[in-house]
Amino acid sequence: MPELPEVEALAEFLRERAVGRVIAAVDVVAFQALKTVDPPVTALGGLTVTGVARHGKFLDLDCDGTHLVTHLARGGWLRWRDDLTGAKPVRPGKGPLAVRVRLAPDGDGRAPGFELTEAGTQKRLAVYVVRDPGDVPGIASLGPDPLAAGFTPEALGAILGGSRTQIKGLLRDQKVIAGIGNAYSDEVLHVARMSPFKIAGTLTEAQVAELHEAIVTTLRDAVERARGLAAKDLKAEKKSGLRVHGRAGEKCEVCGDTIREVSFADSSLQYCPTCQTGGKPLADRRLSKLLK
């Protein structure tokens with residue numbers, strides 16, 4: 001799933017290539033992906049892309065005050081095309097293509113643009129056409145952005161204080177902190193040397209400060225690694241930069257212990273016992289506790 005660093009990189013990628021260009025048309029192939037009807041998607045035709053922003057994991061194209069907002073969900077991605085003039089119409093329900101955004105032709109006659117695709121059977125990619133990004137329910141309910149100036153150790157302490165939620169789940173809750181998903185929550189907790197099942201409200205002031213530092217540095221480092229890359233290269237960069245997530249059975253590069261996994265119904269987490277749980281493995285079941 002694209003998380004804050006990848007969506008930030010996509011926003012930067014589109015700022016360089018789409019801002020200042022006129023939208024020729026937006027073709028919706030997967031009708032279930034379009035979540036709004038007013039303004040209609042056809043209203044985007046003829047508008048100029050004036051800005052690109054990120055809100056948590058949401059990508060926002062400002063088109064003369066009308067916003068095309070996308071959430072890529074678990075299996076979604078953005079593919080840039082240097083020329084869509086020869087792109088064939090795609091029938092709904094055929095293949096991974098969900099939305100195609102065609103920009104006005106260049107001076108050489110090429111019409112660039114991008115496609116939103118979604119792999120897998122769980123079709124959760126969402127597209128909104130709104131007058132204000134706050135009209136998107138998922139954006140309206142977002143917690144603070146962890147890369148914003150106001151996200152201080154004190155602000156994080158206020159979020160965690162009194163919470164009986166396990167820290168892994170809290171980090172992934174978009175209403176609490178925006179932009180962190182399954183992969184980067186694993187990475188943050190590894191850097192912070194913290195069990196994913198530690199109760200958030202039990203952290204000491206020193207642990208809160210360490211967790212804050214882990215959140216900010218992990219995300220900033222990932223953003224920097226992704227900066228300047230083409231959209232097609234971002235997935236590989238994310239995978240190569242992860243130290244524990246998706247690496248069950250491999251050696252921890254910090255201590256050499258074997259990275260372990262806890263599986264749930266529709267996801268899994270990875271962690272290092274030596275770095276995070278005092279050498280004790282976590283039971284591989286939902287709501288696990290440290291084995292005694």
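Since we're looking at a predicted model, the values are computed, not measured. (Residues numbered from 1 in each chain as written. Predicted model: local features only at pLDDT ≥ 70, side-chain atom pairs only at ≥ 80, totals over all residues. Heavy atoms only, no water.)

Engineer: Can you walk me through the overall build of the protein in this structure?
Structural biologist: Broken down by element type, the protein carries eight helices and ten strands. For 292 residues, the compact-globule estimate of 2.2 N^0.38 gives 19 Å, and the protein sits close to it at 21 Å. Dimensions along the principal axes, computed over C-alpha positions, put the protein at roughly 65 × 35 × 30 Å. Within the protein, the proportion of its 292 residues that are buried is 48%. At a minimum sequence separation of 6, the contacts of the protein that also span at least 24 residues come to 64%. On the protein, the mean spot of the 40 positive side-chain charges and the mean spot of the 36 negative ones are 8 Å from each other. (Helix = DSSP H or I, 4+ residues; strand = E, 2+ residues; numbered from the N terminus. Rg over C-alpha atoms; globule rule 2.2 N^0.38 Å. Buried < 20%, exposed > 50% of the residue type's maximum accessible area, 1.4 Å probe, protein only. Contact = heavy atoms within 4.5 Å. Lys, Arg positive; Asp, Glu negative; His and termini not counted. Charge placed at Lys NZ, Arg CZ, Asp CG, Glu CD.)

Engineer: Before we go on, may I ask you to explain the sheet that holds strand β2 (residues 49-55) in this structure?
Structural biologist: Whenever strands of a sheet pair, they do so through backbone hydrogen bonds, lying parallel or antiparallel. In spatial order, the strands read β2-β3-β4-β8; together these four strands make up an open sheet with antiparallel pairing. At either margin of the open sheet sits one strand with a lone partner, and together these are β2 and β8 (126-130). Geometrically, the sheet is characterised by an average inter-axis angle of 15° between neighbouring strands, direction not taken into account. Across six bridges, the pairing between β2 and strand β3 (residues 58-63) is antiparallel. Looking across to β3, one finds that Val49 is bridged to Cys63. Helix α1 (residues 4-17) rests against β2 and β3 of the sheet, and its axis sits at about 175° to β2. (Pairing = 2+ DSSP bridges. Axes fitted to C-alpha atoms, helices over the stretch in contact; angles between N-to-C directions.)

Engineer: Explain the sheet that holds strand β6 (residues 97-103) to me, please; I cannot follow it from the model alone.
Structural biologist: Spatially, the four strands line up as an open sheet ordered β1-β6-β7-β5, and their pairing is antiparallel. In this open sheet, the two strands that pair with only one neighbour each are β1 (23-28) and β5 (76-81). On average, adjacent strands in this sheet sit at an angle of 15° to one another, irrespective of strand direction. In this structure, β5 lies alongside strand β7 (residues 113-118), joined through six bridges in antiparallel fashion. Residue pairing in the sheet places Leu78 in a bridge with Leu116 of β7. Those strands touched by α1 are β5 and β7, and its axis lies near 20° from that of β5.

Engineer: Looking at this model, I keep getting lost on the pattern of salt bridges. Mind explaining?
Structural biologist: Side chains carrying opposite charge are able to pair once their charged atoms draw close together. Summed over the entire model, instances satisfying the criterion amount to 20 salt bridges. The salt bridge involving Arg21 is made with Asp106; its shortest N-O contact spans 2.4 Å. With Arg21 in the loop between α1 and β1 and Asp106 in the loop between β6 and β7, this residue pair connects regions lying 85 residues apart in the sequence. Of the charged contacts, one joins Arg110 and Asp108 as a salt bridge, the two residues approaching to 3.2 Å between their closest N and O atoms. (Salt bridge = Lys/Arg side-chain N within 4 Å of Asp/Glu carboxyl O.)

Engineer: What is the right way to look at the nonpolar core in this model?
Structural biologist: Nonpolar side chains in soluble globular proteins tend to be buried together. Grouped together as the largest cluster of nonpolar side chains are 37 residues, with contacts concentrated most on Leu14, Leu44, Leu59 and Leu61. Counting residues per element, the ones that place at least two in this core are α1, β1, β2, β3, β5, β6, β7 and β8. Sorting elements by how many residues they give to this core places α1 first, with six residues. Those residues in contact with Leu14 that sit more than four places away from it in its chain are Val19, Val52, Leu59, Leu61, Leu78, Trp80 and Phe114. In terms of nonpolar packing, the next biggest core, distinct from the first, is built from 26 residues, Ile177, Ala192, Met194 and Val223 among them. (Core = buried A, V, L, I, M, F, W, Y, C linked by side-chain atoms within 4.5 Å.)

Engineer: Before we go on, may I ask you to explain the pairing of strand β4 (residues 66-71) in this structure?
Structural biologist: A regular strand places its side chains so that they alternate between the two faces of the sheet. The buried count for β4 comes to six of six residues, which makes it a mostly enclosed element. Of the two faces of β4, the one carrying Thr66, Leu68 and Thr70 and the one carrying His67, Val69 and His71 are both buried. The pairing of β3 with β4 spans six bridges and is classified as antiparallel. Looking at the pairing, Phe58 lines up with His71 of β4.

Engineer: How do you make sense of the environment of Phe264 when you look at a structure like this?
Structural biologist: As for its placement among the helices and strands, Phe264 is situated in the loop between β9 (260-263) and β10 (268-271). For Phe264 and Asp284, which are 20 residues apart along the polypeptide, the C-alpha to C-alpha distance reads 8.1 Å.

Engineer: What am I meant to see in helix α7 (residues 234-241) here?
Structural biologist: What α7 keeps buried is the set Leu234, Glu237 and Lys238. Buried residues along α7 cover an arc of 100° about the axis, so they all sit on one side. Exposed residues lying more than 90 degrees from the buried face of α7 are Ala236, Lys239 and Ser240. Its buried side turned inward, α7 meets α1, β5, α5 (182-191) and α6 (205-226). (Arc of directions from axis to C-beta.)

Limitation: the analysis is restricted to geometry and does not speak to function.
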